[in-house]
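What follows is the residue order along each chain.
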Amino acid sequence: MDKLFEDTDVSYSILDRHILLVNSEGKEKNNLQQKSVSGKITDPNGIPLPGATIMVKGTTNGTISDIDGNYTLLNVPGDGVLVYSFIGMRSQEILFDGRANVNVTLTEETIGLNEVIAVGYGTQKKANLTGAVGSVQMGDMESRPLTNASLALQGTVSGVYALQSSGKPGDDDAVISIRGVGTWTDNSPLVLIDGFPGNMSDVNATDIESISVLKDAASSSIYGNRAANGVILISTKKGTAGKMKVSYNGYFGVQKATRLPSVLNSVEYATLRNEASANSGSVPNYTDEDIQKYAAHNDPMYPDIDYFKVYYGQANTQNHRVNMSGGNENVQYAFMLGHLNQDGIMVATSYKKTDFRSNIDAFFLKDKKLRLSTKLAGNLGVKGEPTSVWNATWYATLAPVYPLRNADGEYMSVNGELNPYAEIKTGSTAETKRYNFSGQVEAEYKIAKDLSAQVTYGYNVVTSNGNRFNANVVLANKDGSSKTESSDLDVRNNTDVQTMLTSLLKYNKTFGKHELKLLAGYSEEEFTYDWQSGYRKNFVNNDQRVLNLGDAATQKNNAGSYDLGLRSYFGRINYVFDNKYLFEANIRRDGSSRFASGNQWGTFPSFSGGWIISKEDFMQDADWLNFLKLRASWGQLGNEKIPNYYNGSDILQSGKDYSLGGALYSGVALEDMINKDLSWETSEQLNFGIDMTLRNGMELTVDYFDKKTKGLLLDRQIPWTMQLNPPFVNAGEVQNKGIEASLTYRKTFSNGLKFRTTFNASHVVNKITKMDPEKLTSPKAQKVGDAINSLYGYKMDGIYQLSDFDYDGSTYTLKPGVVSVSNYVAQPGDIKFKDLNGDGVVDQNNDRTIIGKQFPDLTYSLNLNLEWKQFDFSAFFQGVQGIDGYFYYEIATPFSGVANLGSWWKDRWTPENPSNTMPRVTLDEYRTNVHSSFYVEDASYLRLKNIELGYTLNPEIVSRIGLGSVRIYGSIQNAFTITNFKGFDPEQKVDQTRAEAFPQVRVMTMGINVNF
């Protein structure tokens, strides 16, 4: 064509299968003649489509149809291309050519089937997937105040359990489990950001184009030894050819704790404390006069302080983000820049983060045979917090009777010891600066029509500078004396570098009814980790936190360095016959320097197949069905995550000084016992699935899976007399099996209302099938036949009542046949435990058992989206059922240290209130600090995770001021929670077994989205 019209005034363009010829002179004139166009948009039945979008391609000039489907668009160039789109309909592009009236009929499309899903080292049409792959609707996340991208996985993908770890700024990421827990060690999935291993906290949720979750072995095995816990693929936004697009998204919000436990006031606390003293045979702590002073509220030494309100409060947050994208046929770009400023609800907590991202694709040579791409991203996060967050969360549960300040305004010690609030206010805070930079360079060359080669080099570095300062604090004691805490500073610097080189050879060929895709690849990764630390005491003041200002005589320093290498060979075959019969096979061969020679390599295969039944001739009369596919897969995956970089070598640790002949010498020694026979964990998974789309707008995906993990990596306990850290061994087997489903329904009503809802549900049964020896410790244990990290202790069997005893006027003695306890003499009001072996005595060797589990029977979510005219509304519900939490010690256990009590203790057992669920109060820790089902709480909950209302301003109005679109919105994150859990929040990590915790937060925001 170029040759044909050379040296003429004729130019051409190709639109779909049409060649448009334009006289250059006429084109110039036409461009100057901008006109208006009107028309009506309907569906195939002639029903008007209100809210349809009409745009001039490559510009921001557009409008929407009214309630009757009519539209008018101004300033349309004569050679413009009009793009008509509507949710659930196939978009159309029509050349304007000056017509005054253009009516359009939009036809329905099969939602999702032509959607391209990211898979390992490539993409695939959703219709042709044979593995279990879930995806996140990132459009629903655009205006949610997600401070960590991992939170986008909460409730959005069936089979994925994402638990928010806390509400602390900078540490509010989600703990993610895909199809259960399959290891004793790190159960987190492999996260790949644009193909490079990374952390979800290093990518902003609004920069993400798509998230794919590879759940079964068939979809994950291409990643081999790191995929046993599942794989999360994140693709960030890229530029497209056309006019530069600029957008701004910003919000301001207010945060507060979702819930704080109800606790006692000073009078209630003092009264119950006296009662506990009486029950324990002790002298009362508080006189009647003391209690009256607490009630008077006029003496700072007799306060009534709710310490939750001292340590926690309301906090502000704001986020600002600018995106730019565009390009032409040869170069496309996308730039993203953002800043988050989040204050924490706990005193002295905050997080500030500035980040950027740049994606550029450039095409060279004839037919764009060569593609060069660069992906650059970085962020600086500054986290502030108390030097001891644990002390702060602990003392936030402080009893209300302890004074914060005396009459002179001096901070008071608590029982002559700490006062974390005073320490924080005086300067005992920590600051961590974390720098991250990630860069990738990629080249792809089309060797032939169906064959291409790709090489990618990636580099990622994370540098962390920590400064933890304990200020010099003088505290007043209750007896008039004072307590001085000297200052100290701990500084630690870490550098973590990762590089990866990946080479791919890709072959894609379609011939007749056959479609063949081949992939072969090689990858090698290197990890290096270095750290240094320094420490000094007795600083000259509390303001200059610089190490050399401390006492040199107290200094300490340390350092370490580690490295690790991985090398891999992998391949994949995809075959499709007649667009109905699907087959895929993967294999990966991995080597790790973590293991000893002879155990470094592992091979991980997978096979999967699919049958699109709906394309068979015998299904053509099923007019209710759009699409139906059956899937099956089997595969093996590996895991090598242990905290030992050099399990194949005996490591000598320095700093082991020894004395010889009266002199001190520097020495080295072994600290770790090494098991050189250690090898991979191997996970084997079987999956059966069905994908169905009905003509009424309903989509259903159901999967059944059975995942068995063998050779689990576990530290084997050894006699303490060996004075070595225990070795890791391949010990134990775990099974996770279950069913997961996702149901989506879409409908557009005749009045223009668009409705979409998605329901996700997952049921997983986790069970240890082999382990020797078992770890039967309280409150968490590893026991064959039960779930990992099950709660373990005594089963409560009510409360000892007066009728269980004989009373001689001074002593209560258990009646014959009533169960006794081995390590104390039971009294009326004590907890009664079940005698499991029937010997009449409860003891820890025979009568402890599983009393709860920390992985839910059911996870579920419901997402509702409504659009009408310029309004949009969404509500996202998320919940879990059949999960237990452990609520122990502070608040939950009577008079544990200096902590308050929960208000439910007002319903304790007394002779006048013979409760069978709440025991009496006592100071005897042998009775109260017993791990049992008394402290097990039902942690099931249903939460309105997000509710949002938005309004898009009229495009015709905003276009007059040069804007493409403006949307304002308001949202509430963690709006409300329905639960029976008495603690801070039912959403807690498995290691959270005490009652102190950093609360989750409710966030109320107002925001704006602007497209320029």
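The name given to the protein chain in an unreviewed UniProt entry is SusC/RagA family TonB-linked outer membrane protein, and the organism recorded there is Labilibaculum manganireducens. Quoted straight from UniProt, the Subcellular location (unreviewed entry) entry for the protein chain says "Cell outer membrane".

Asks: I'm lost on the sheet that holds strand β9 (residues 104–105) in this one. Help?
Replies: The strands making up a sheet are joined through hydrogen bonds of the backbone, oriented either antiparallel or parallel. As summarised here, the arrangement of the 3 strands in space is β6-β3-β9, forming an open sheet in which the pairing is mixed. Strand pairing shows two members of the sheet lacking a second neighbour, β6 (70–76) and β9, which therefore form its edges. Across 5 bridges, the pairing between strand β3 (residues 35–42) and β6 is antiparallel. The partner of K40 across the bridge, within β6, is N70.

Asks: In this structure, what is going on with the pattern of salt bridges? I would like to understand it.
Replies: Side-chain pairs of opposite charge can arise whenever the charged atoms involved come near each other. Applying the stated rule across the entire model yields 44 salt bridges. Among the salt bridges present, the one from R756 reaches D140, with a minimum N-O distance of 2.8 Å. Pair noted here: R756 is in strand β43 (residues 754–770) and D140 is in the loop between β12 (133–135) and β13 (160–164), with a separation of 616 residues, a long-range link. Across the pair, exposure class does not vary: R756 and D140 are buried alike. R567 serves as the salt-bridge partner of E524, at 3.7 Å between the closest nitrogen and oxygen. In this pair, E524 sits in strand β29 (residues 514–537) while R567 sits in strand β30 (residues 551–577), placing the two residues 43 residues apart along the sequence. The exposure class assigned to E524 is partly exposed, which follows from its relative accessible area of 24%.

Asks: Can you walk me through the environment of I447 in this structure?
Replies: The residue I447 is located in strand β24 (residues 429–448) in this model. As for I447 and T105, which are separated by 342 residues in sequence, their C-alpha atoms are 42 Å apart. Contacts of I447, omitting those with residues within four sequence positions, involve S452, A453 and L505.

Asks: What exactly am I supposed to notice about the packing of aromatic side chains here?
Replies: Note on aromatic pairs: each is described by the distance of the centres and the angle between the planes. On inspection of all chains with the given rule, the structure shows 38 aromatic pairs. Ring centres of F577 and Y581 lie 6.1 Å apart, and the angle between their planes is 15°; this geometry places the pair in the stacked category. Residue Y581 is classed as partly exposed on the basis of its relative accessible area, which comes to 31%. Taking 6.0 Å as the distance between ring centres and 80° as the angle between the ring planes, the aromatic pair formed by F805 and Y812 counts as edge-to-face.

Asks: Sorry if this is basic, but what is going on with the pairing of β43 here?
Replies: Side-chain positions along a regular strand alternate between the two faces of the sheet. Relative to β43, strand β42 (residues 733–748) runs antiparallel, the two being bridged by 16 bridges. Directly across from E733, in β43, lies its bridge partner K770. Linkage of β42 to β43, two consecutive antiparallel strands, is achieved through a turn of 5 residues, within which G752 is found at a positive phi near 95°. Where β43 lies against strand β53 (residues 858–868), 10 bridges are found, and the strand directions are antiparallel. Of the residues in β53, the one forming a bridge with F759 is L862.

Cut-off values and rules
- Residues numbered from 1 in each chain as written.
- Predicted model: local features only at pLDDT ≥ 70, side-chain atom pairs only at ≥ 80, totals over all residues.
- Heavy atoms only, no water.
- UniProt positions renumbered as here; feature names shortened; annotations may be inferred.
- Pairing = 2+ DSSP bridges.
- Helix = DSSP H or I, 4+ residues; strand = E, 2+ residues; numbered from the N terminus.
- Salt bridge = Lys/Arg side-chain N within 4 Å of Asp/Glu carboxyl O.
- Buried < 20%, exposed > 50% of the residue type's maximum accessible area, 1.4 Å probe, protein only.
- Contact = heavy atoms within 4.5 Å.
- Phe/Tyr/Trp six-rings, centres within 6.5 Å; stacked < 30°, edge-to-face > 60°.

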